[in-house]
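# Coordinate analysis (summary)
Next come the chains, spelled out residue by residue.
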Amino acid sequence: NSPRHVAVDTAGNLFVTDSYNSTVRKITPSGLVSTVAGMPGVAGTNDGYGSNARFVFPHGIALDKSGNLFVTDFGLGWTNGAIRKITPEGLVTTIAGSLTASGTNDGLGSAALFYCPMGIVVDDDENLFVSDGFNLTIRKLTPDGTNWIVSTIAGLARVQSPNPPWNFVDGTNSDARFRLPDGLAMDQARNIFVADEGSVGIGAIRKITPVGTNWVVSTIIGSSGNLSAPSAVAVDTNGFCYVASQWNGLVEKVIPVGTNWAGATIAGYKQLGAIVNGTGISNSFSYPDRKSV
């Protein structure tokens, strides 16, 4: 019921945030679906094992090298949000944020606050990066023993890119501006790619490059109407990006060409509401949403 992001393990199992069912599901390569954590249709804030745990609209999901799942718990009533961890044994814990309060605070664990976190990605050092959707920022969670330190690496909390002229403000750290950051992906050089949904059908893919202790945000494609509410981005080992252009009903491929980026439609045809199988643009999607690799 409104599945959102997907993560995949080395065995080809898919893990899906089943948002409106308030659960996390697993799909094996043979197509067997099971519920990993949460109780279908029962929202809540409980930590615990398996069906004893509760979520409130789980959204983003990422998988680390040890098989732990990390989930952005979007929150109820768009007023809160938390980051949850699911161990391979099925134990769900809340590692940062709160499901009873929203805010912009950086800090340790529950002292940090989010406002409807959306996308999430994990790097090889087990750092987490989260698009804090309604705070319009990108946050970093650094493991510190059994705790997590939350910091803001890009954007300024609750200060949006100007409207009009629908531009996306590039810059370093808090000088950058987002309109609605959603799906995240990371390449082998640890650049972070952000599906910035924008608004009124206009969005962009943003790139966040680590430069020393700073984070430099640039817009690689979009912002002029050629991407419509991009909700997700994935990146392969060649550095090619794949984008779910939600309101267009398309999947786009974005390729680096020198210092520029070129985009092309690889699947879908602007026929929203229809779900048609086929090759290339002979198929169509009904609001393609989130993908994570």
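Provided above is the structure to which this section pertains.
Bear in mind that the values here come from a model prediction, so they are computed numbers and not experimental data.

This next bit is on the pairing of strand E1 (residues 3-8). The pairing of E1 with strand E2 (residues 14-18) spans four bridges and is antiparallel. Pairing of valine 8 across the sheet is with leucine 14, part of E2. Linking E1 back to E2 in an antiparallel pair, the connection comprises five residues, with glycine 12 at a positive phi of about 85 degrees.

All right, on to the sheet that holds strand E8 (residues 81-86) then. Pairing is antiparallel in the open sheet, where five strands are placed in the order E5-E9-E8-E7-E6. Only two strands of the sheet have a single neighbouring strand rather than two, namely strand E5 (48-49) and strand E6 (58-63). For strand E7 (residues 69-73) and E8, the ladder comprises five bridges, and the chain directions are antiparallel. When the bridges of E8 are listed, phenylalanine 70 appears paired with lysine 85.

Of the strand pairs in this sheet, strand E15 (residues 171-172) and strand E19 (residues 214-222) are connected by two bridges, and their pairing is antiparallel. Paired with glycine 171 across the two strands is valine 217, which belongs to E19. Sheet analysis places strand E18 (residues 202-211) next to E19, joined by eight bridges and oriented antiparallel. Each residue of the ladder has a partner; that of valine 211, found in E19, is asparagine 214. Remark: two residues form the turn of the hairpin made by E18 and E19, two consecutive strands paired antiparallel; glycine 212 in that turn has positive phi of roughly 65 degrees.

Using the criterion set out here, one finds nine salt bridges in the structure. Between aspartate 18 and arginine 25 there is a salt bridge, with its nearest N and O atoms 2.7 Å apart. Taking relative accessible area as the criterion, aspartate 18 reaches 4% and is therefore assigned buried. As a salt-bridge pair, aspartate 170 and arginine 206 come within 3.0 Å of each other at their nearest N and O atoms. Here the residue aspartate 170 occupies a position in the loop between strand E14 (147-154) and E15, and arginine 206 occupies one in strand E18, the gap between them amounting to 36 residues.

Within the secondary structure layout, aspartate 123 lies in the loop between strand E11 (117-122) and strand E12 (128-132). A polar contact is formed between the side chain of aspartate 123 and the backbone nitrogen of aspartate 125, at a distance of 2.9 Å. Aspartate 123 has contacts with Phe129, Met186 and Arg190, leaving out every residue within four places of it along the chain.

Moving on, we get to the environment of valine 150. When you line up the elements, valine 150 lands in strand E14. Once the C-alpha coordinates of valine 150 and alanine 112 are considered, the two residues, 38 residues apart in sequence, prove to be 6.3 Å apart.

So, about the packing of aromatic side chains. Applying the stated rule across the entire model yields six aromatic pairs. Look at tyrosine 20 and phenylalanine 57: their rings are 5.4 Å apart centre to centre, the planes differ by 65 degrees, and that puts the pair in the edge-to-face class. Taken together, the residues tyrosine 20 in the loop between E2 and strand E3 (23-27) and phenylalanine 57 in the loop between E5 and E6 connect sequence positions 37 residues apart. Ring centres 5.5 Å apart and planes at 90 degrees place the aromatic pair tyrosine 115 and phenylalanine 134 in the edge-to-face group. Of this pair, tyrosine 115 sits in the loop between strand E10 (107-108) and E11 while phenylalanine 134 sits in the loop between E12 and strand E13 (137-144), and the two are 19 residues apart along the sequence. Of note, arginine 84 hangs over the ring of phenylalanine 55, and the distance from its end group to the ring centre comes to 5.0 Å. Taking the ring centre of phenylalanine 114 as reference, the NZ or CZ of arginine 139 above it sits at 4.8 Å.

So, how was this worked out
Residues numbered from 1 in each chain as written. Predicted model: local features only at pLDDT ≥ 70, side-chain atom pairs only at ≥ 80, totals over all residues. Heavy atoms only, no water. Pairing = 2+ DSSP bridges. Helix = DSSP H or I, 4+ residues; strand = E, 2+ residues; numbered from the N terminus. Salt bridge = Lys/Arg side-chain N within 4 Å of Asp/Glu carboxyl O. Buried < 20%, exposed > 50% of the residue type's maximum accessible area, 1.4 Å probe, protein only. Polar contact = N/O pair within 3.5 Å; in protein donor to acceptor, adjacent residues only side chain to side chain. Contact = heavy atoms within 4.5 Å. Phe/Tyr/Trp six-rings, centres within 6.5 Å; stacked < 30°, edge-to-face > 60°. Lys NZ or Arg CZ within 6 Å of the ring centre and 35° of its normal.

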